[in-house]
Amino acid sequence: MAAVVDAGGEHGDMKPPAAMSRVSDLPAAVDALVVGGGPAGAMAAITAARAGLRVLLVDRVAHPRDKVCGCCLAPRGQQTLERAGLRHVLHGASSVRSVHLRCGRRGVRVRREGTAVISRGDLDAGLLAAAAEAGVTLAWPFVATLNADGSTWLRGPDGERPLRARLRVAADGLAGASLRDHPRFVWSVRAGSRMGIGTTLPAEALQVQDDEILMCVARSGYAGAVRLPDGRLDVAAAVRSEDLRGRGGPAAFVGRLLGDAVRDAEALTQARWHGTPHLWRRRRHLHDQQTIVTGDAAGYVEPFTGEGMGWALATGAAAGEHAAAVLKGRGTMQAWDAVVHALTRSARVRCGMVSWLLRHPWLVSAGVEAAGWWPSMAARAAESLGAPRTEAARA
């Protein structure tokens, strides 16, 4: 097995805390409603509750949930957890030491120290437990609707009811529907954006070393694989939706991308594949008079480098702090967009550059060859993705 990250703390059973599941049990009013129980939503709820707000966090699915993406945390994401006193949620995570980049017949291993790997089930459970400890009220499965007139509705298995929330935080990810009917928060999807697909495979399905991320690039897309602490393999790919049609579906498509790394093709066929909407997207506005948007719900840029988890955790933590500042008269809703841009701008530029590169396999192939000649330079480039923020960067 891979090396284990020394995160400290006690290793719990990684089961999420109890949550409300009946409409009649929900509070009638709260200071802050957080929609979405992923890393961004959990961090927003934690920081808002620690600042003294009454917080309700709802999610449209019950936890624990089957979630594939986001198992890799680059150093910047770990830094956010450390500063929030939440390093213990990574206890038992494994460590990545290199990226094995393959393009056609060429391949190279590039040093990339510091990335932690943990299943999303364990990460989400740890963060939600921390939210409950901070005093957050958890509720699922509830679908939230955040209307433009300021009204908020929660629909659960046993009915629907309104909720009075002084401030709302939308953190329900790329596929979230809480703002679907709100005209201010329409998505802008970049032309040519790819969709994400992913699954979890048995330990022997692929040839992947314990301490590496395998990344395979081709003209039709790219796929990555990493071994989870329990030995299973987390696989994610970015593809054009039209390329999946007529090519045997996700299993066959990803199998071709991974090439001779596949040991058990039947495992790919039998796996349960999950898909995302188009990945490269943004919202023109990230706030209204009562709502702020954070995490992937605010925007996403390919590819899967661990950067996305970093800015989800960072903007989530900032959202809770900003909500408290606004409600206590020390901040404005209008300032939120600038906060998000300051936290994510450089990371998204880097991801955009990598995404452009991955669309040109001949450049990747040339880069693979160059990395073989100058490994230290390649390592510095790889480790710049998801690097911790410095004091100067936060100033």
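Definitions and cut-offs
- Residues numbered from 1 in each chain as written.
- Predicted model: local features only at pLDDT ≥ 70, side-chain atom pairs only at ≥ 80, totals over all residues.
- Heavy atoms only, no water.
- Helix = DSSP H or I, 4+ residues; strand = E, 2+ residues; numbered from the N terminus.
- Buried < 20%, exposed > 50% of the residue type's maximum accessible area, 1.4 Å probe, protein only.
- Contact = heavy atoms within 4.5 Å.
- Areas by Shrake-Rupley, 256 points an atom, 1.4 Å probe, with all protein chains shown as cover.
- Pairing = 2+ DSSP bridges.
- Core = buried A, V, L, I, M, F, W, Y, C linked by side-chain atoms within 4.5 Å.
- Expected span 1.5 Å × (residues − 1).
- Axes fitted to C-alpha atoms, helices over the stretch in contact; angles between N-to-C directions.
- Parallel < 35°, antiparallel > 145°, perpendicular 65-115°, else oblique.
- Left-handed = near helix turned anticlockwise from the far one by under 90°.
- Nonpolar A, V, L, I, M, F, W, Y, C, P; charged D, E, K, R; others polar.
- pLDDT = per-residue confidence, 0-100.

A. Summary view of the overall build of the protein. A tally of helices and strands in the protein yields 11 helices and 18 strands. When the 395 residues of the protein are sorted by exposure, 55% land in the buried category. A fraction of 75% describes how many contacts in the protein between residues 6 or more apart in sequence connect residues 24 or more apart. Summing over all exposed atoms, the protein offers an accessible surface of approximately 17000 Å²; the carbon and sulfur share of this is 53%.

B. Examining the sheet that holds strand β5 (residues 106-117) more closely. Within the open sheet, the 8 strands sit side by side as β3-β5-β4-β12-β13-β14-β11-β15. Their pairing is mixed. At either end of the open sheet lies a strand with only one pairing partner, and these are β3 (72-73) and β15 (274-278). Examined bridge by bridge, strand β11 (residues 195-201) and β15 share 3 bridges and lie antiparallel to one another. Among the inter-strand pairings, methionine 195 is bridged to a residue of β15, identified as histidine 278.

C. Geometry of the nonpolar core. Leu33, Val55, Leu56, Val58, Leu81, Leu86 and Leu127 are the most contacted members of the largest nonpolar core, which has 66 residues in total. Per element, the largest residue contribution to this core is 9 residues, and it comes from helix α7 (residues 307-327). In this structure leucine 127 touches Pro39, Ala42, Met43, Ile46, Leu81, Leu86, Val89 and Leu313, once residues within four positions along its chain are discounted.

D. Local environment of the sheet that holds strand β10 (residues 187-189). Spatially, β10-β16-β18 is the arrangement adopted by the 3 strands of the open sheet, whose pairing is antiparallel. Every interior strand has two partners, whereas the edge strands, β10 and β18 (299-300), have only one.

E. The arrangement of unusual backbone geometry in detail. Of note, the bond from histidine 63 into proline 64 is cis; its omega dihedral lies within 30 degrees of zero at 5 degrees. Note on placement: proline 64 falls in the loop between β2 (55-58) and β3. Going from tryptophan 140 to proline 141, the amide bond is cis rather than trans, its omega being -5 degrees. Take proline 141: it is sitting in the loop between β6 (137-139) and β7 (143-146).

F. A look at α7. Under the 1.5 Å per step criterion, the end-to-end length of α7 is 30 Å for 21 residues, consistent within 8% with the ideal 30 Å. Here α7 lies mainly inside the structure; 20 of its 21 residues are buried.

G. Broad picture of the packing of helix α2 (residues 75-83) against α7. One way to put it is that α2 packs onto α7 with a least axis distance of 7 Å and a crossing angle of 30 degrees. On the basis of their axis angle, the class for α2 and α7 is roughly parallel. Regarding α2 and α7, the two cross each other, and that crossing is left-handed. Between α2 and α7, the contacting residues are Arg76, Gly77, Thr80 and Leu81 on the first element and Gly310, Leu313, Ala314 and Ala317 on the second. Its residues assigned to classes, the contact of α2 with α7 comprises 4 nonpolar, 3 polar and 1 charged.

H. Examining the confidence of the model for the protein more closely. Counting all residues, the mean pLDDT for the protein is 87, and 88% of those residues have values of 70 or more. Across residues 1-12, confidence stays below pLDDT 50; counting only partners more than four residues off in sequence or on other chains, it has 33 contacts. Note on residues 391-395: pLDDT under 50 across the span, and 4 contacts to partners over four residues away in sequence or across chains.

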